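Examining the three-dimensional arrangement
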Amino acid sequence: MTTQILGNVFENYEEIDSTQTEIHRRIEKCKIQNGTIIMANRQTNGKGTHGRVWHTGNENNIAFSFYIETECKPQKIEGITIEIAQILIQIFEEKYGINLQIKAPNDIYYNGKIVGQKTKYIVVGIGINTNGKNFSDDIRNIATSIKKEFNIDVDNLFIVNEFCKIFEKRLMKRIEE
């Protein structure tokens, strides 16, 4: 990672129940460092929008969550989930020349922890169907991937690294203002 904070601790699992659940387990045990990223090739119980299951499949899609300490007023991170989606859209457009859109609210889960009048930290989980071509029966008619739509092999680590560089800069700018 070419970041200052995000990715200082980076763990990639072949399989895990949920990257976001793992982050929360570490928070509960007070065994997490600022900037921790948990990534997985497969999630057996991934979390999606509105508590739905997030299917990673077995085909090299992006599934990662991160923890970053903010210690800022909650207003400073308002709208951050849309900004996250915009960053990802920008990366895919610049790297692969494809134009993606945001489906409201978006498929990025966000959970801010409020302590007093400050947001102590945020946990963000991101899942993107990048290289998958096969989907389970319950989502087969509504899910797709970059590979399936554009026949592009996505470099997942490049996407995650670029996202972290851009997001970290934007988040720090928000917090410092």
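Please read these numbers as outputs of a predicted model, since none were measured by experiment.

Examining the overall build of the protein
The helix and strand tally for the protein stands at four helices and seven strands. Counting helices and strands in the order they occur from the N terminus, the protein gives β-α-β-β-β-β-α-β-β-α-α. Residues counted as buried form 49% of the 177 residues belonging to the protein. Relative to all contacts within the protein whose residues are 6 or more apart in sequence, the contacts with residues 24 or more apart total 73%. A total of about 9,700 Å² of accessible surface is found on the protein, and carbon and sulfur atoms cover 46% of it.

A closer look at the side chain of T19
With respect to the element layout, T19 can be found in helix α1 (residues 19-28). For T19, a relative accessible area of 3% corresponds to the buried category. Among all residues touching T19, those that are not within four sequence positions of it are I38, M39, A40, Q43, A63, F64 and S65.

Brief notes about the nonpolar core
Nonpolar side chains tend to gather and get buried jointly when the protein is soluble and globular. Counting residues in hydrophobic clusters, the biggest one holds 33 residues, and the most contacted among them are F64, F66, I126, F163 and F167. Put simply, the parts of the chain that give this core at least two residues each are β2 (37-43), β5 (62-72), α2 (80-96), β7 (118-128) and α4 (156-176). Looking at this core element by element, the count peaks at eight residues for α4. By size, the runner-up hydrophobic cluster in this structure holds nine residues, among which are I16, I27, I38 and A40.

Some remarks on a nonpolar patch on the surface
On the surface, a nonpolar cluster with roughly 270 Å² of combined accessible area is contributed by M1, F10 and L157. Within the element layout of this structure, F10 appears in strand β1 (residues 10-16). By relative accessible area, F10 is classed as partly exposed at 32%.

Things to note about the confidence of the model for the protein
Looking at the protein, the pLDDT average stands at 85 and 86% of residues meet or exceed 70. Per-element mean pLDDT across the protein ranges from 43 in strand β6 (residues 109-115) up to 95 in α1. Throughout residues 106-115 the model reports pLDDT below 50, and contacts reaching past four residues in sequence, or to other chains, amount to 36 contacts.

Focus: the pattern of salt bridges
The final tally for this structure, using the stated rule, is 10 salt bridges. In this structure, E11 and R26 form a salt bridge, with 2.7 Å as the shortest nitrogen-oxygen distance. Within this pair, whereas E11 is found in strand β1, its partner R26 is found in helix α1, the two being separated by 15 residues in sequence. For the salt bridge of E15 with R42, the shortest nitrogen-to-oxygen distance reads 3.4 Å. Here R42 lies in strand β2 and E15 lies in strand β1, a separation of 27 residues in the sequence. The exposure class of E15 is partly exposed, given its relative accessible area of 47%.

The rules we used
Residues numbered from 1 in each chain as written. Predicted model: local features only at pLDDT ≥ 70, side-chain atom pairs only at ≥ 80, totals over all residues. Heavy atoms only, no water. Helix = DSSP H or I, 4+ residues; strand = E, 2+ residues; numbered from the N terminus. Buried < 20%, exposed > 50% of the residue type's maximum accessible area, 1.4 Å probe, protein only. Contact = heavy atoms within 4.5 Å. Areas by Shrake-Rupley, 256 points an atom, 1.4 Å probe, with all protein chains shown as cover. Core = buried A, V, L, I, M, F, W, Y, C linked by side-chain atoms within 4.5 Å. Patch = residues over 30% accessible without salt bridge, like charges linked within 9 Å, V, L, I, M, F, W, Y side chains within 5 Å. Salt bridge = Lys/Arg side-chain N within 4 Å of Asp/Glu carboxyl O. pLDDT = per-residue confidence, 0-100.

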